[in-house]
Amino acid sequence: MPEGHTIHRAARDHRRILAKCKLDVESPQGRFSRGASILSGQLCLTVEAFGKHLLYRFGNKLALHIHLGLFGRIRKHKLPLQEPRGAVRVRLIGKTHAVDINGPTICQVLDVKGIATLINKIGPDVLRSDSNPDLAFEKITKSNAPIGHLIMDQSVMAGIGNIYRSEILWRQSVHPETPGREISRQTFNQIWNDANALLTIGVKQNAIITVDEAQPSKKRYKERVNIFAKKQCPSCKSEIRRFDIRGRRAFVCDTCQRI
DNA sequence: TTGATTGTTACCGG
DNA sequence: TCCGGTAACAATCA
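Calculation rules
Residues numbered from 1 in each chain as written. Chains lettered and ligands numbered in written order. Predicted model: local features only at pLDDT ≥ 70, side-chain atom pairs only at ≥ 80, totals over all residues. Helix = DSSP H or I, 4+ residues; strand = E, 2+ residues; numbered from the N terminus. Buried ≥ 20, exposed ≤ 12 C-beta atoms within 10 Å, placed from the backbone. Contact = placed C-beta atoms within 7 Å. Near = placed C-beta within 6 Å. Nonpolar A, V, L, I, M, F, W, Y, C, P; charged D, E, K, R; others polar. Pairing = 2+ DSSP bridges. Core = buried A, V, L, I, M, F, W, Y, C linked by C-beta atoms within 7 Å. Axes fitted to C-alpha atoms, helices over the stretch in contact; angles between N-to-C directions. Parallel < 35°, antiparallel > 145°, perpendicular 65-115°, else oblique. Left-handed = near helix turned anticlockwise from the far one by under 90°.

Draft legend 1. Here's a closer look at the overall build of chain A. In terms of regular secondary structure, chain A is built from seven helices and ten strands. For chain A, buried positions account for 40% of its 259 residues. Restricting the contact set of chain A to residue pairs at least 6 apart, pairs at least 24 apart contribute 59%.

Draft legend 2. Seen up close, the environment of Leu118. As for its position among the elements, Leu118 is in helix α3 (residues 112-121). Here Leu118 falls in the partly exposed class, since 18 other C-beta atoms lie within 10 Å of it. The spacing of Leu118 and His53 is 65 residues in sequence and 9.0 Å in space, taken between C-alpha atoms. The contacts of Leu118, once residues within four sequence positions are left out, are His53, His65 and Leu110.

Draft legend 3. A look at the protein's contact with DNA strand C. Around DNA strand C sit 15 residues in total, of which Phe71, Gly86, Ala87, Gly103 and Ser143 are the nearest. For the surface near DNA strand C, the class distribution of residues is four nonpolar, nine polar and two charged.

Draft legend 4. Structural detail: the pairing of strand β2 (residues 43-50). As defined by bridge partners, β2 adjoins strand β3 (residues 53-58) across six bridges and the pair is classed as antiparallel. Note that in β3 the partner of Glu48 across the bridge is Leu55. Following β2, the chain reverses through two residues before pairing antiparallel with β3; Gly51 in that reversal takes a positive phi of roughly 60°.

Draft legend 5. Geometry of the nonpolar core. Counting 64 residues, the largest nonpolar core has Leu54, Ile140, Ile160, Ala195 and Ile227 as its most contacted members. With seven residues, helix α7 (residues 185-205) is the single largest residue contributor to this core. In this structure Leu54 touches Ile7, Ala10, Ala11, Val47, Ala49 and Ile66, once residues within four positions along its chain are discounted.

Draft legend 6. Spatial organisation of the packing of helix α6 (residues 162-171) against α7. In the contact formed by α6 and α7, the axes pass within 10 Å of each other and the chain directions differ by 125°. With respect to their mutual orientation, α6 and α7 come out oblique. Considering only the axes of α6 and α7, their crossing is right-handed. Every residue of α7 that contacts α6 at Tyr164, Ile168 and Arg171 is listed here: Ile191, Asp194, Ala195 and Leu198. A per-class count over the contact of α6 with α7 returns five nonpolar, no polar and two charged.

Draft legend 7. How the structure looks around unusual backbone geometry. Cis geometry marks the peptide bond from Leu79 to Pro80, where omega comes out at 10°. Structurally, the position occupied by Pro80 is in the loop between β5 (73-78) and β6 (88-93). The phi dihedral of Lys237 falls on the positive side, at around 70°, and the residue is not glycine. Here Lys237 lies in the loop between α7 and β9 (241-245). Residue classification places Lys237 among the exposed residues on the basis of 9 C-beta atoms within 10 Å. Not every positive phi belongs to a glycine, and Arg246 is a case in point at roughly 50°. Following the sequence through the fold, Arg246 ends up in the loop between β9 and β10 (248-252). Under the C-beta neighbour-count criterion, Arg246 is labelled exposed, with 11 such atoms within 10 Å.

Draft legend 8. The arrangement of the environment of Cys233 in detail. Along the chain, Cys233 falls in the loop between α7 and β9. Given 21 C-beta atoms within 10 Å, Cys233 falls into the buried group. Separated by 105 residues in the primary sequence, Cys233 and Arg128 have C-alpha atoms spaced 32 Å apart. Among all residues touching Cys233, those that are not within four sequence positions of it are Ile227, Ser238, Ile240, Cys253, Thr255 and Cys256.

Interpretation note: all reported values are geometric properties and have no functional meaning in isolation.
Structure representation (structure tokens):
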């Protein structure tokens, strides 16, 4: 769930739903009490995504900063309001819908300076038209770290999560253990463009789909991916190897993806 | 009840 | 400075 596409989709949806919404705060465990006092009742003007970070901007120049982390959930409900499901941290109420946010790892109010600091540390977002991919390539080409780590490092480039990492590199025949400095500009462009294409599909379908022509109707993402958590390469039929990159599981076809 | 998980950050040591 | 490892945290589901 907390992949870049979900965040961008949320930003798009919420922009429509929450125009001039008011912010209400459920804080059953007291985790958001300070934000509650500052923003409660304020009007939300815009919603914007930077990678996996969401910014709900308010009229008083403050922003509600949300990051869903691994387990966060955003649920949209038609009005009238329903009982909060689980530990709802924030409830945004528009004219037709309400949005409940459960379990974000970040849920804080930022001032202008805090917003600038946040945006500054996030790399170019593969889904934003105002992104400059050159910044990502510069960092990659100077690094010895494996490309599998670099494309998921949100300070290098933003939006790619653990599933997309393995999928994109497989689709572009790039071995995840290739050092960043060995990645050519052309290969980088392929990765960037594929990330943009796949995440665009993700935003539209609200599902991680990396298999061409796969339908979103299947229940589990595993049926819509090529090698993530799979045993066999769909292309050459050899075994998919599972290994760790910085503590996250990664998958590779050592036959199709050469270093 | 237990373990796994689409993520990030802080901290430490080499 | 860079790199890699570890722990902590979050909520839900199988």
